[in-house]
Amino acid sequence: MRRIIITLLLVAPMFVSGQSVNSIKAMTFNVRYANPKDGINIWENRRDWVAESINFFEVDVFGAQEVIESQLKDLVERLPDYTHVGIGRNGGSEGEFCPVFYRKEIFELLESDTFWLSETPEKTNSKGWDAALPRIVTWVKLRHKANGHEFYFFNTHFDHRGEKAQFESAKLLRKQIAKIAGDIPFLVTGDFNIPPSNGAYKELVDTNTGAIGINDTHEVAQKTYGPTYTFNGFALEPDQTRERIDYIFCSDKVEVKKHHTLDGQRGGDFISDHFPIMAIVSLR
């Protein structure tokens, strides 16, 4: 009997917090900047809901968008199991952040940096092409403490107006991911402000470029659940004609088990003007 028990322990997968260490729960979350004109959906009414949902779903790593410094402090206070990386898009603590949060007990940070979506990606506060605002990408390289697996995680927020900026940002992001991640698995989260029908989306997932393979987790997931759109605009009645503009992308070396758009609405109360997305993945 003892021999059987030992054998089972040796072959059984390891688990952390009720899930296999080979699985990663990733999320993208545009939390909506703290606009005092948002009525019942002002940040002070939503911040606990945002943090409680992240804690409840036991998200391992997530990228957030539209986070100003005061909101970042609120998230840090309410998410004690996480640490984060990221700077403001105008440099330092100025402007909106695209922070990456990850669970301290699960991951070790190996590298991190920020680049700008512009013709000069290393230049702080640089605005690219016809963009209305400076836009950034925050990235980290993480090692899973339990199994030693390493992967990259990129988080961004594309411009909401400049069509050329959106297309060129997609090209630059592909180039930078190939340069930074190489052959190592990666995840990409963000509010891309483009639907799947947009040319910038097609450029991002184009398999003919020959550089790297980037997959939309919604399209390759074994199971999908939730609304077909991600931006709700705090509208009480759902607009089913809208397309997705928030995404979690991944490399060919990532297997996607589930893709879940969380419909965070309670009557007129919303978790954000974007629904967060969670993907459960494993590294091949």
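Going by the structure above, here's the rest.
The sections below set out a description of the structure shown in this document. (Residues numbered from 1 in each chain as written. Predicted model: local features only at pLDDT ≥ 70, side-chain atom pairs only at ≥ 80, totals over all residues. Heavy atoms only, no water.)

1. Digging into the packing of aromatic side chains
- This model, assessed by the stated rule, comprises 16 aromatic pairs.
- Here the aromatic rings of Phe 154 and Phe 186 are separated by 6.5 Å at their centres, their planes lie at 85°, and the arrangement is edge-to-face. Taken together, the residues span a long stretch of sequence, with Phe 154 in strand 9 (residues 150-157) and Phe 186 in strand 10 (residues 186-191) at a distance of 32 residues.
- What makes Phe 186 buried here is its relative accessible area of 2%.
- Joined through ring pairs, the aromatic side chains of Phe 158, Phe 192, Tyr 201, Tyr 247 and Phe 249 make up one cluster. (Phe/Tyr/Trp six-rings, centres within 6.5 Å; stacked < 30°, edge-to-face > 60°. Helix = DSSP H or I, 4+ residues; strand = E, 2+ residues; numbered from the N terminus. Buried < 20%, exposed > 50% of the residue type's maximum accessible area, 1.4 Å probe, protein only.)

2. A short note on the pattern of salt bridges
- For the coordinates displayed, the defined rule picks out 18 salt bridges.
- Residues Arg 135 and Asp 159 are paired through a salt bridge, measuring 3.3 Å at the closest nitrogen-oxygen approach. On the criterion of sequence distance, the pair formed by Arg 135 in the loop between strand 7 (107-116) and strand 8 (136-144) and Asp 159 in the loop between strand 9 and helix 4 (163-181) is long-range, its members being 24 residues apart. By the burial criterion, Arg 135 is buried, and Asp 159 matches it. (Salt bridge = Lys/Arg side-chain N within 4 Å of Asp/Glu carboxyl O.)

3. What to know about helix 4
- Taking 1.5 Å per residue as the helical rise, helix 4 with its 19 residues ought to reach 27 Å, and the 27 Å between its terminal C-alpha atoms agrees with that figure.
- What helix 4 keeps buried is the set Ala 165, Gln 166, Glu 168, Ser 169, Ala 170, Leu 172, Leu 173, Arg 174, Gln 176, Ile 177, Ile 180 and Ala 181.
- The inward-facing, buried residues of helix 4 abut strand 7, strand 8, strand 9, strand 10, helix 5 (199-204) and strand 11 (214-216). (Expected span 1.5 Å × (residues − 1). Contact = heavy atoms within 4.5 Å.)

4. Notes on helix 3 (residues 69-78)
- Gln 71, Leu 72, Asp 74 and Leu 75 are the residues of helix 3 that are buried. When helix 3 is viewed along its axis, its buried side chains cluster within an angular range of 160° and face the same direction. Exposed residues pointing more than 90 degrees away from the buried face of helix 3 are listed as Lys 73 and Glu 77.
- Where helix 3 is buried, its residues meet helix 2 (43-56), strand 5 (82-85) and strand 6 (100-103). (Arc of directions from axis to C-beta.)

5. As for the pairing of strand 6
- Every second residue of strand 6 is oriented toward a common face, with Val 100 and Tyr 102 on one face and Phe 101 and Arg 103 on the other, all of them buried.
- As defined by bridge partners, strand 4 (residues 61-65) adjoins strand 6 across three bridges and the pair is classed as antiparallel. Each bridged residue has a counterpart across the sheet, and for Phe 62 the counterpart in strand 6 is Phe 101.
- Inspection of the sheet shows strand 5 paired to strand 6 by four bridges, in the antiparallel sense. Looking across to strand 6, one finds that Tyr 82 is bridged to Arg 103. (Pairing = 2+ DSSP bridges.)

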